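The residues making up each chain are set out below.
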Amino acid sequence: MKRLPALMLSVFLLTLLSLPATAENVTVDRGSVKKEVTLTVDASNMVDVTINWDDFNYTFDGKNFTATSETMPKITVKNNNSQNTIYVTPKFEPYADLGYSDMAFDMYFYEDGNTAAGAGTDLKEIAVTGENETTFFAVPGGNPLTHQLGSKTPMEIGNVQITISLNGTNP
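Residues numbered from 1 in each chain as written. Predicted model: local features only at pLDDT ≥ 70, side-chain atom pairs only at ≥ 80, totals over all residues. Heavy atoms only, no water.

So what exactly am I meant to see when it comes to the overall build of the protein here?
When helices and strands are tallied, the protein shows 1 helix and 9 strands. Secondary structure elements in the protein, listed N-terminal to C-terminal, are α-β-β-β-β-β-β-β-β-β. Burial status across the protein gives 25% buried among its 171 residues. Of the roughly 12700 Å² that the protein leaves accessible, carbon and sulfur atoms contribute 53%. (Helix = DSSP H or I, 4+ residues; strand = E, 2+ residues; numbered from the N terminus. Buried < 20%, exposed > 50% of the residue type's maximum accessible area, 1.4 Å probe, protein only. Areas by Shrake-Rupley, 256 points an atom, 1.4 Å probe, with all protein chains shown as cover.)

Would you explain the nonpolar core in this entry?
Counting 26 residues, the largest nonpolar core has Tyr58, Val88, Phe105, Met107, Phe109 and Phe136 as its most contacted members. Elements that contribute at least two residues to this core include exactly β3 (65-67), β4 (74-79), β5 (86-94), β6 (106-110), β7 (126-128), β8 (133-141) and β9 (158-165). If you tally residues by element for this core, the top one is β8, at 4 residues. Excluding residues within four positions of it along the chain, Phe109 makes contact with Ile75, Pro90, Lys91, Phe92, Asp122, Leu123, Phe136, Phe137, Ala138 and Val160. (Core = buried A, V, L, I, M, F, W, Y, C linked by side-chain atoms within 4.5 Å. Contact = heavy atoms within 4.5 Å.)

Which parts of the structure should I look at to understand the sheet that holds β9?
In any sheet, the strands associate via hydrogen bonds between backbone groups, in a parallel or an antiparallel arrangement. With antiparallel pairing, the 3 strands of this open sheet are ordered in space as β7-β5-β9. The open sheet is flanked by β7 and β9, the only strands paired with a single partner. Direction aside, the axes of adjacent strands within the sheet are offset by 30 degrees on average. Pairing of β5 with β9, which is carried by 8 bridges, proceeds in the antiparallel orientation. Residue pairing across strands places Tyr87 opposite Ser165, the latter belonging to β9. (Pairing = 2+ DSSP bridges. Axes fitted to C-alpha atoms, helices over the stretch in contact; angles between N-to-C directions.)

Structure follows, in structure tokens:
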């Protein structure tokens with residue numbers, strides 16, 4: 001009785017050995033076989049950008065900010081992925097250990113480098129479709145004298161952060 005299942009399994013396996021195996025027809029050339037390889041790239045969740053930006057060096061003369069370059073520093077973000085729209089969010093982050101307010105120094109982002117700081121609405125989020133690019137300017141505002149911020153020697157006071165995402169926050 002205990003040998004019956006083993007015998008049935010043996011007979012089943014012998015039956016399987018007698019069946020022909022089927023495979024795709026291929027042409028043999030000198031003992032080798034070639035089969036095409038296909039690839040599909042789904043870049044729908046990929047971000048590929050190029051960011052170019054000027055140095056953010058400014059001088060305050062007691063009334064106005066001027067850039068050390070000829071124009072206000074600009075930032076250019078190019079979307080290299082034709083399948084996606086990207087969303088660019090610029091932000092100025094002051095160094096916390098300096099403890100100054102945005103009345104002493106703040107950074108605004110505009111499409112026009114000649115816009116006065118605080119005038120109009122600065123850019124919060126920019127959509128860049130396909131393989132296009134966007135350029136915008138970093139315009140400083142405030143009065144560093146109110147907080148005794150800076151000196152004759154250039155002083156680092158913060159960072160500009162550019163965030164790139166596939167999902168916009170502003171509908």
